[in-house]
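Breakdown of the fold
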Amino acid sequence: MKKAAIILNPTAGNRKLANSIDVIKERLLEGFDQVVIHETKEKGDGAKIVSLLAEEVDLLIGAGGDGTIYEIVNALCPLKKRPAFAIIPGGTCNDFSRTIGMNQDPLIAVEQILEKKTEQVDVGKCDKQYFLNFWGIGLISEVSANIETDNKQRLGKLSYYISAGKTVFQSESFHLKVKSDSVSYDDDAVMLLIGNGAFLGGFRAFFPESDIQDGLFDVLIVKEASLQHVWTWLQSKVRNQFPDGENDGLVYFHAKKLEIEASPVQEIDCDGERNYCTPSRISVLPAHLTVLVGDYPFINR
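Residues numbered from 1 in each chain as written. Predicted model: local features only at pLDDT ≥ 70, side-chain atom pairs only at ≥ 80, totals over all residues. Heavy atoms only, no water.

Our focus in this paragraph is the state of the cysteines. For the structure shown, the criterion picks out zero disulfides. With no disulfide partner, Cys126 has as its closest neighbouring cysteine sulfur the one in Cys270, 4.0 Å distant. With a relative accessible area of 1%, Cys126 lands in the buried category. (Disulfide = S-S within 2.5 Å. Buried < 20%, exposed > 50% of the residue type's maximum accessible area, 1.4 Å probe, protein only.)

Here it is as structure tokens:
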């Protein structure tokens, strides 16, 4: 790898990345012949930059939070020729960067990038968008939608707990139909979560043992919004354990492809972005993206 480009969201992390970008570039130039910085100014800029640079560079580096990474990945994944991808985390949760073992200190993450350790990782494909972390409907989408911006900025990851606590008592069940290559489901539910990465909301949440190189999704259906199930969910985040598979309120399985229908129609949360609604077809794209990784795989997986 000789040519690298950074797609920077200058407002990420209260401008922490922007304030360090000169130091970051100088350090990267010790490992790359060329490092060019492109700043985004509004939504959609990241995708435009990817389309301009993808065939010109060996490495694209996303510098920002999960929203920035989502936009870059959704522009990168449809391409036939894809440069390697790296992340300098700069947001609140930085979920996929955690999954691939990147240090959350941007300057240390740069040192990891300079090691140029690459892995081929799976990507989720659903209708018109791609995802690295998760696809979800029901409670998970409501939690994300109910996070107040001020709380997210002030409280960071804790805001997800606060929102979950508020949302669970307001959540309504819906009729869910799931067809997959392994399991079918046709009953009421309050949440469907399809995971690729190990982190959600900055925590090793529902799928702490997930593997982004196994060609499989982790799938969780929560049948009813009871305090017991929500507490199990929160405990799983703290203990890095998956909820008991014998719990009658939960359905857990692995799948490569799924067809989803919901009544009433449900808003889809895809890596924190809510742009589409059900129905949806979802599939794994095995080893679709080359990424530069840090401490991966985790020693304590």
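Let's shift gears to the sheet that holds strand β12 (residues 250-255). Reading across from one edge, β12-β11-β10-β7-β14-β15 is the order of the six strands in this open sheet, with antiparallel pairing throughout. Either end of the sheet is taken by a strand with one partner, and the two such strands are β12 and β15 (273-277). Pairwise comparison of adjacent strand axes, ignoring direction, gives a mean angle of 20 degrees for this sheet. Sheet topology places strand β7 (residues 134-138) next to strand β10 (residues 191-195); five bridges connect them, and they run antiparallel. Note that in β10 the partner of Gly138 across the bridge is Met191. (Pairing = 2+ DSSP bridges. Helix = DSSP H or I, 4+ residues; strand = E, 2+ residues; numbered from the N terminus. Axes fitted to C-alpha atoms, helices over the stretch in contact; angles between N-to-C directions.)

Before going further, it helps to spend a moment on the pattern of salt bridges. Enumeration according to the criterion identifies four salt bridges in this entry. Between Glu111 and Arg27 there is a salt bridge; the shortest N-O distance is 2.7 Å. With Glu111 in helix α5 (residues 106-114) and Arg27 in helix α1 (residues 16-28), the pair connects residues that are 84 residues apart, well separated along the chain. Its relative accessible area of 32% is what places Glu111 among the partly exposed residues. One continuous salt-bridge network, built from bridges that share partners, spans Arg27, Glu30 and Glu111. (Salt bridge = Lys/Arg side-chain N within 4 Å of Asp/Glu carboxyl O.)

Moving on to the confidence of the model for the chain. Averaged over all residues, the pLDDT of the chain is 86; the fraction at 70 or higher stands at 80%. The model gives residues 151-159 a pLDDT under 50, and that stretch makes 15 contacts with residues more than four places away or in other chains. (pLDDT = per-residue confidence, 0-100. Contact = heavy atoms within 4.5 Å.)

Note that Val219 resides in strand β11 (residues 217-222). Taking the C-alpha atoms as reference, Val219 lies 9.7 Å from Gly136; in sequence the two are 83 residues apart.

For Asp218, the position within the fold is in strand β11. Exposure remark for Asp218: the relative accessible area of 3% places this residue in the buried category. Looking at Asp218, its side chain comes within polar contact range of the side chain of His254, at 3.1 Å. (Polar contact = N/O pair within 3.5 Å; in protein donor to acceptor, adjacent residues only side chain to side chain.)

What follows covers the environment of Ile87. The topology assignment puts Ile87 in strand β4 (residues 84-89). In this structure, the C-alpha to C-alpha distance between Ile87 and Arg98, residues eleven residues apart in sequence, is 9.9 Å.

Right, let's get into the pairing of β15. Where strand β14 (residues 267-270) lies against β15, three bridges are found, and the strand directions are antiparallel. Each bridged residue has a counterpart across the sheet, and for Cys270 the counterpart in β15 is Glu273. Counting the residues between successive antiparallel strands, the hairpin from β14 to β15 contains two residues, one of them, Asp271, with a positive phi of roughly 55 degrees.

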